[in-house]
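If you want the building blocks of each chain, they are given just below.
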Amino acid sequence: MLDDYAAGKITEEDFLQKTGWQNSSAVDFAFYKPLFTFIIQNKLRALALGIPKETIFKIEREGAAALNESEKQMLPETANVIRHKKYLEHLKAAYSALGAAAAAGAPLNWENYLSAVSSCNEGAGARIAAFVAANPGWTVLVVAGNDRFIYNAALPSSVKSRTVKLRQASFYVEDAPKCPETLPADHKDLANYVWYINHPPKP
């Protein structure tokens, strides 16, 4: 489906309808549209990296052992659980927020949550690594949220574990009225580069 849209074989309306974008994604497609337009105009390739949300949600709520055989096929053969200290602290903060919002009768289990996040990152990392191996010499741009790049502990780490001598560069996007003259100490390890962007409030 994504290949057909990126190649200009189907319209945006068909793509959104057939993928169920409006019902399955919380992100407005308008956010991604300029990127897709660039891909189509320049005849580039696009690669879907996500594990189905239903599979990740099941791991989060019931654990990886609850997956059936077809769901297990969605995951890479090797899915390492992240153990990076700072990244774990970051995840525990997100987990606490989710736990507070969860229904009293269905509390989140930390190990299941960690397994779900790790599976999501490992699935994407495996797809990127496989694409790089099949297309030597290509430059690959991965567009994802800050959580997937922070401390180079999620996607960058997953890709690195599956490739040899692959040169990577990660960017962490930070809101700021202007780029600071000196990198703040707490931003030092966020990624290879911190990209400061001024997002003025919408009128």
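Overview of the structure. (Residues numbered from 1 in each chain as written. Predicted model: local features only at pLDDT ≥ 70, side-chain atom pairs only at ≥ 80, totals over all residues. Heavy atoms only, no water.)

**Some thoughts on the pattern of salt bridges**
Cut-off, in case you're wondering: Within this document, salt bridges are pairs made up of a side-chain nitrogen of Lys or Arg and a carboxyl oxygen of Asp or Glu, the two lying within 4 Å of each other. In this scheme, a residue with accessible area under 20% of its type's maximum is buried, one over 50% is exposed, and one in between is partly exposed, where area comes from a 1.4 Å probe on protein chains only. Here a helix means four or more residues in a row that DSSP labels H or I, a strand means two or more in a row labelled E, and each is numbered from the N terminus.
The full count for this structure, using the stated rule, is 6 salt bridges. When the shortest N-O distance is used, the salt bridge between E60 and R61 registers 3.9 Å. Using a relative accessible area of 16% as the deciding quantity, one classes E60 as buried. In this structure, the salt-bridge partner of E69 is K72, at a minimum N-O distance of 3.6 Å. One end of the pair, E69, and the other, K72, are both in helix α6 (residues 69-72), 3 residues apart, so they sit about a helical turn from each other.

**A short note on a nonpolar patch on the surface**
The condition is simple: Like charges are joined within 9 Å and nonpolar side chains (Val, Leu, Ile, Met, Phe, Trp, Tyr) within 5 Å, but only among residues with over 30% relative accessible area and no salt bridge; these make up the patches. Using the Shrake-Rupley algorithm and a 1.4 Å probe, accessible areas are obtained, with residue cover drawn only from the displayed protein chains.
A cluster of nonpolar side chains, namely F171, V173, Y193 and W195, defines an oily patch on the protein surface of about 430 Å² accessible area. Every element with two or more residues in the nonpolar patch is listed here: β1 (171-175) and β2 (193-197).

**Comments concerning the packing of aromatic side chains**
Using the following cut-off: A pair of aromatic rings is counted whenever rings of Phe, Tyr or Trp (Trp by its six-membered ring) have centres within 6.5 Å, and the orientation is called stacked for planes under 30 degrees apart, edge-to-face for over 60 and tilted otherwise.
If you walk through the whole model with that rule in mind, you get 16 aromatic pairs. Between F15 and W21, the ring centres sit 6.3 Å apart and the planes meet at 50°, which makes this aromatic pair tilted. Across the pair, exposure class does not vary: F15 and W21 are buried alike. Counting every residue linked through ring pairs, the aromatic cluster contains Y5, F15, W21, F29, F31, Y32 and F36.

**Observations concerning the pairing of β2**
To keep it simple, the criterion reads: A pair of strands is considered paired only if DSSP assigns at least 2 bridges between the two.
Burial along β2 is one-sided: the residues V194 and Y196 are buried and none of Y193, W195 and I197 is. Sheet analysis places β1 next to β2, joined by 5 bridges and oriented parallel. Along β2, the bridge assignment pairs V173 with W195.

**Digging into the environment of N121**
Just so we agree on the cut-off: Residues count as neighbours in contact if any of their non-hydrogen atoms are within 4.5 Å of one another.
Looking at where N121 falls in the secondary structure, it is placed in helix α8 (residues 110-134). In sequence terms N121 and A154 are 33 residues apart; their C-alpha atoms lie 5.8 Å from each other. Not counting chain neighbours up to four residues away, the residues in contact with N121 comprise I82, Y87, R148, A154, L155 and S158.

**Here's the deal with helix α4 (residues 29-41)**
Definition in use: Each residue after the first adds 1.5 Å to the expected span of a helix. Bend is computed residue by residue as the angle between axes fitted to the seven residues ending at the residue and the seven residues starting at it. Nitrogen and oxygen atoms within 3.5 Å of one another constitute a polar contact, given that in protein one can donate a hydrogen and the other can accept it, and given that sequence-neighbouring residues count only through two side-chain atoms.
Across its 13 residues, α4 extends 18 Å between first and last C-alpha, which sits within 8% of the 18 Å expected from 1.5 Å per residue. Considering bend angle alone, the principal kink of α4 is centred on L35 and spans about 25°. Within α4, burial applies to F29, F36 and I39. Between a side-chain oxygen at the N-terminus of α4 and the backbone nitrogen of A30 the separation is 3.0 Å; the capping residue is D28. Following α4 by one or two positions, K43 adopts a phi angle in the positive range, close to 55°.

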